[in-house]
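Observations on the three-dimensional arrangement
These are the residues of each chain, in order.
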Amino acid sequence: MKPLEARLLAAHAADDREALVALYTEAADQSDEADARGFFLTHAYVFALELGAPQASALRQRLVEMGREPPLQEVSDKSR
Amino acid sequence: MDQSQTDLSNVRRPIAEANGLPNAHYTDPAVFDEEKHALLYDGWSGLAVAADVPEIGDAVPLNFLGMPLLLIRDRQGQVRVFQNICRHRGMILVDAPRKIEGAIRCPYHSWCYSTEGRLVSTPHVGGPGQNKHDGIDRALLGLMEVRSHIWMGVVWINVSGTAPDFTVANADLLARWAEFDRPLYHGGADSTFKLEVNCNWKLAVENYCESYHLPWVHPGLNSYSRLEDHYHIEQAGLYAGQGTFVYRQIRGEGDEVFPDFEGLSDKWDTAAEYITAFPNVLLGVHRDHTFAIILEPQGPEKTCEHVHLFYATPQTDDDLRARNAKQWKEVFVEDIFVVEGMQRGRHAVSFDGGRFSPAMDGPTHLFHAWVAGRLDHQRAMVQAAE
């Protein structure tokens, strides 16, 4: 398998947002450092949010638990 | 009076003594801009049709008098209009029609908005990987929504936010056509077309309002719809147009017709009405179809006419629908040389706005008087503020 960075660049080049969600999540999971993990999780979350992908809520929750995303006041829209 | 302002004193006089709007109202960019605010932003203007965004998440960027707007059908199915810019750096959010699957993501720094306009994500706003900051209150930074209302299939907007509610502002017209306040089904791709015309948008209104020109410009109508079969529709300050007592349904090869709207009174068996809802929407109603022409002013001397036909049922005969669109397009195209000719005529420096036929031009004069009244009001407001 290609290195993660190469796969990320390929996904960006192809504008494959589903792949970007998965790859940025993978990058976050591989990061030992909190800021890097927050950075990658943020990207995974944003692309999931844009797609209306089911992973969005879990990604958001991870960011909330890291203190990097405000907790939701209410959930009424899948795009939140 | 400001030296740069046009003299409208004659326009609002009784029709037998009045002159039409001065040339500058058709040619001068400064007057176009003045009218943009007084007539188009302050009132309820037609922007698009709800059928432009038939499904949830459908989003269409539009340009209205230079302002970037986003027409969208939100997750609850409601049609909304937003200013098509991010609250961060004013970047255009959506630059081509597309489906919003989840959130609207700004292509610049990826701030994200729900289809209802809420700001839902501000990535890295507090630094790398930190998506919140005390200085960023998402609740205050949603998309800027433009007031909108759907009627007759048209999306109407009030840019200034100062007009009375649509149903109040247009109560008289809504009551007049209450029988048509029912689901209208857009005929689809073969029932919409655009006409690019080299004229000021008001000339299209003026021509549409009156029946005086019909026997000369649309001679095909003479065989069954004579001038004397028409009547004026005049509601000062609100709308103007014309009606006919002898509408004849289009028929197919096998004598088939479109289904009627349910519950219409007997009047509509043979009647049809054509009204301009001020400022920029030309509407027509018949027993079996309606249409809306949204005038998109593109400059003092350029207008795009967006024509849409609607029916009483979701499915209609394909051939008949195509023939109906073709028939209406022929009629509307017949009007182009007139409105473009009047536009060129507005460069004749001695033209005084013209004289109206007291008998035949009532609806057109009523429109001119409405324009003048709105401009007088705006000028008084500006003067009072100074």
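Residues numbered from 1 in each chain as written. Chains lettered and ligands numbered in written order. Predicted model: local features only at pLDDT ≥ 70, side-chain atom pairs only at ≥ 80, totals over all residues. Heavy atoms only, no water.

Another aspect to go through is the sheet that holds strand β4 (residues 79–83) of chain B. Residue and element names in this part refer to chain B. Strands sit in the order β1-β10-β9-β4-β3-β2-β5 across an open sheet of 7 strands; the sheet is antiparallel. Only two strands of the sheet have a single neighbouring strand rather than two, namely β1 (45–49) and β5 (98–99). Pairing analysis gives 5 bridges linking strand β9 (residues 145–151) to strand β10 (residues 154–158), with the strands arranged antiparallel. Residue pairing in the sheet places I150 in a bridge with V155 of β10. (Pairing = 2+ DSSP bridges. Helix = DSSP H or I, 4+ residues; strand = E, 2+ residues; numbered from the N terminus.)

Right, let's get into the packing of helix α7 (residues 318–334) of chain B against helix α8 (residues 336–345) of chain B. Residue and element names in this part refer to chain B. At their nearest, the axes of α7 and α8 sit 4 Å apart, and the two run at 25° to each other. As judged from the angle between their axes, α7 and α8 are roughly parallel. Here α7 contributes F332, V333 and E334 to the contact with α8, which in turn contributes I336, F337 and V338. Partitioned by chemical class, the residues of the contact of α7 with α8 number 5 nonpolar, no polar and 1 charged. (Axes fitted to C-alpha atoms, helices over the stretch in contact; angles between N-to-C directions. Parallel < 35°, antiparallel > 145°, perpendicular 65-115°, else oblique. Contact = heavy atoms within 4.5 Å. Nonpolar A, V, L, I, M, F, W, Y, C, P; charged D, E, K, R; others polar.)

This paragraph deals with empty space enclosed by the protein. All names here are of chain B. This model, assessed by the stated rule, comprises 1 cavity of 30 Å³ or more. Considering only enclosed or pocket space, the largest cavity measures out at about 100 Å³ in volume. Looking at the largest cavity, the residues that line it are A204, N207, Y208, L282, I293, E305, F332, D335 and V339. Residue contributions to the lining of the largest cavity peak at 3 residues, all from helix α5 (residues 201–209). (1 Å grid on protein atoms, 1.4 Å probe; cavity = no way out; pocket = protein on both sides within 12 Å on 5 of 7 lines; lining within 4 Å. Points joined across faces, edges and corners; volume = space filled by probe spheres on them.)

All names here are of chain B. Scanning all chains against the criterion turns up 25 salt bridges over all chains. E34 is paired through a salt bridge with R379; the nearest N and O atoms lie 2.7 Å apart. Residue E34 is located in helix α2 (residues 29–41), and its partner R379 is located in helix α9 (residues 362–385); the two are separated by 345 residues in the primary sequence. Here E34 and R379 have matching classes, each one buried. The shortest N-O distance in the salt bridge between K99 and D58 comes to 3.1 Å. Here D58 lies in strand β2 (residues 58–64) and K99 lies in strand β5, a separation of 41 residues in the sequence. On the basis of relative accessibility, which here comes to 12%, the residue D58 falls in the buried class. (Salt bridge = Lys/Arg side-chain N within 4 Å of Asp/Glu carboxyl O. Buried < 20%, exposed > 50% of the residue type's maximum accessible area, 1.4 Å probe, protein only.)

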